[in-house]
Amino acid sequence: MKMNREKVKVAQAEVCETAKKMYSSGLVAGTWGNISSRIDDEYMVITPSGMDYERLNAEDMVVVNMKTFEYEGNLKPSVEVPVHAAVYLDRPTVNGIVHTHSTYALTMATARKPIPPICDDQVQILGGDVRLAAYTMPGSQEMAEAVVGALKDRGGALIANHGAITVGRTLAEAFTGSQVLEKTALIYINTQKIGGPVEISAEDVEFFHEFFMTKYGQK
């Protein structure tokens, strides 16, 4: 398959910009976390491994073959390539992925507790409860499989003792999802002090998510 180089440039710019937004919004510390965008059914663009977000340029974003993990250029891609690739190959409608180590999501992930459906925006953009992917070695095929399972029919998941991951039809949607997941984790933790949250019914979860996916926003 021949890559569309214009799409590559657009994806590199968007991934770089989103990485800087992720860092400035406090969703990651240091060089942790990673972001990617689908180019087509074979290639993606992902943040490079271990580089300061504030110093990243669009051309530093790495083009990776999702099936072979081969990459272009001199910069190594994020160690989480197998996870991103597995999600894209499993979910054809996903075009952006954001992986964070944000404080409250990581608190829930470290306690190894999923988040029930408790907030309207949570169920709209994430599709319901936030499941927990089992603890596995970062960047491993086992992690990839665990994350794909936890994300089934969902826009976000926790990864035990590791962090959170969100997906979207666009990278912007995935980034919004990461902010919503972090806020939901904080709210869940806060409600433990006052008796715990009241969950949203399955019927309302389905209605809200369907509305978000088909009717929300401008055409």
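**Student:** Help me out: how do you make sense of the overall build of the protein in this one?
**Tutor:** For the protein, the count of helices and strands is seven helices and seven strands. Taking 219 residues into account, the globule formula puts the C-alpha radius of gyration at 17 Å, and the protein, at 17 Å, falls close to it. The principal-axis extents of the C-alpha atoms in the protein amount to approximately 55 × 35 × 30 Å. The 219 residues of the protein split such that 51% are buried. Partitioning the intrachain contacts of the protein with sequence separation of at least 6 by distance along the chain shows that 66% fall at a separation of at least 24. Accessible surface, the protein as shown: approximately 10800 Å² in total, 53% of it carbon and sulfur. Between the mean site of the 21 positive side-chain charges and the mean site of the 27 negative ones, the protein shows a separation of 1 Å.

**Student:** What is the right way to read the pairing of strand β2 (residues 43-46) from this model?
**Tutor:** Consecutive side chains along a regular strand alternate between the two faces of the sheet. Of the two faces of β2, the one holding Y43 and V45 and the one holding M44 and I46 are both buried throughout. Between the end of strand β1 (residues 34-38) and the start of β2, which pair antiparallel, lie four residues. Note: β2 against strand β3 (residues 62-65), four bridges, orientation antiparallel. Its bridge partner being in β3, Y43 is matched across the sheet by N65.

**Student:** What's the story with the pattern of salt bridges in this structure? I'm lost.
**Tutor:** Here the idea is simple: oppositely charged side chains can pair when their charged atoms come close. A complete count under the given rule lists five salt bridges for this structure. Of the charged contacts in the structure, one is a salt bridge between E173 and R169, with a shortest N-O distance of 2.8 Å. Note on E173: relative accessible area 15%, which makes it buried.

**Student:** Help me out: how do you make sense of helix α3 (residues 103-111) in this one?
**Tutor:** An α-helix turns once every 3.6 residues. As a result, residues three or four positions apart point the same way. Those residues of α3 that sit buried are A105, M108 and A109. Taken down its axis, α3 places every buried residue within 100° of arc, on the same side. Structurally, α3 contributes buried residues whose contacts are with β5 (131-133), β6 (156-159), β7 (163-168) and α6 (171-191). R112 sits one or two positions beyond α3 and adopts a positive phi of about 55°.

**Student:** Can you walk me through the nonpolar core in this structure?
**Tutor:** One recurring pattern in soluble globular proteins is that nonpolar side chains are buried together. Grouped together as the largest cluster of nonpolar side chains are 25 residues, with contacts concentrated most on M44, V87, I97, V147, L151 and I165. When residues of this core are traced back to their parent elements, those giving at least two are β2, β3, α2 (81-90), α5 (141-150), β6 and β7. Setting aside chain neighbours within four positions, we find I97 in contact with N34, I35, S36, H84, V87, Y88, I165, T166, V167, L171 and A174. One finds M3, V45, V98 and A174 within the second-largest nonpolar core, a separate group that totals 21 residues.

Conventions adopted
Residues numbered from 1 in each chain as written. Predicted model: local features only at pLDDT ≥ 70, side-chain atom pairs only at ≥ 80, totals over all residues. Heavy atoms only, no water. Helix = DSSP H or I, 4+ residues; strand = E, 2+ residues; numbered from the N terminus. Rg over C-alpha atoms; globule rule 2.2 N^0.38 Å. Buried < 20%, exposed > 50% of the residue type's maximum accessible area, 1.4 Å probe, protein only. Contact = heavy atoms within 4.5 Å. Areas by Shrake-Rupley, 256 points an atom, 1.4 Å probe, with all protein chains shown as cover. Lys, Arg positive; Asp, Glu negative; His and termini not counted. Charge placed at Lys NZ, Arg CZ, Asp CG, Glu CD. Pairing = 2+ DSSP bridges. Salt bridge = Lys/Arg side-chain N within 4 Å of Asp/Glu carboxyl O. Arc of directions from axis to C-beta. Core = buried A, V, L, I, M, F, W, Y, C linked by side-chain atoms within 4.5 Å.

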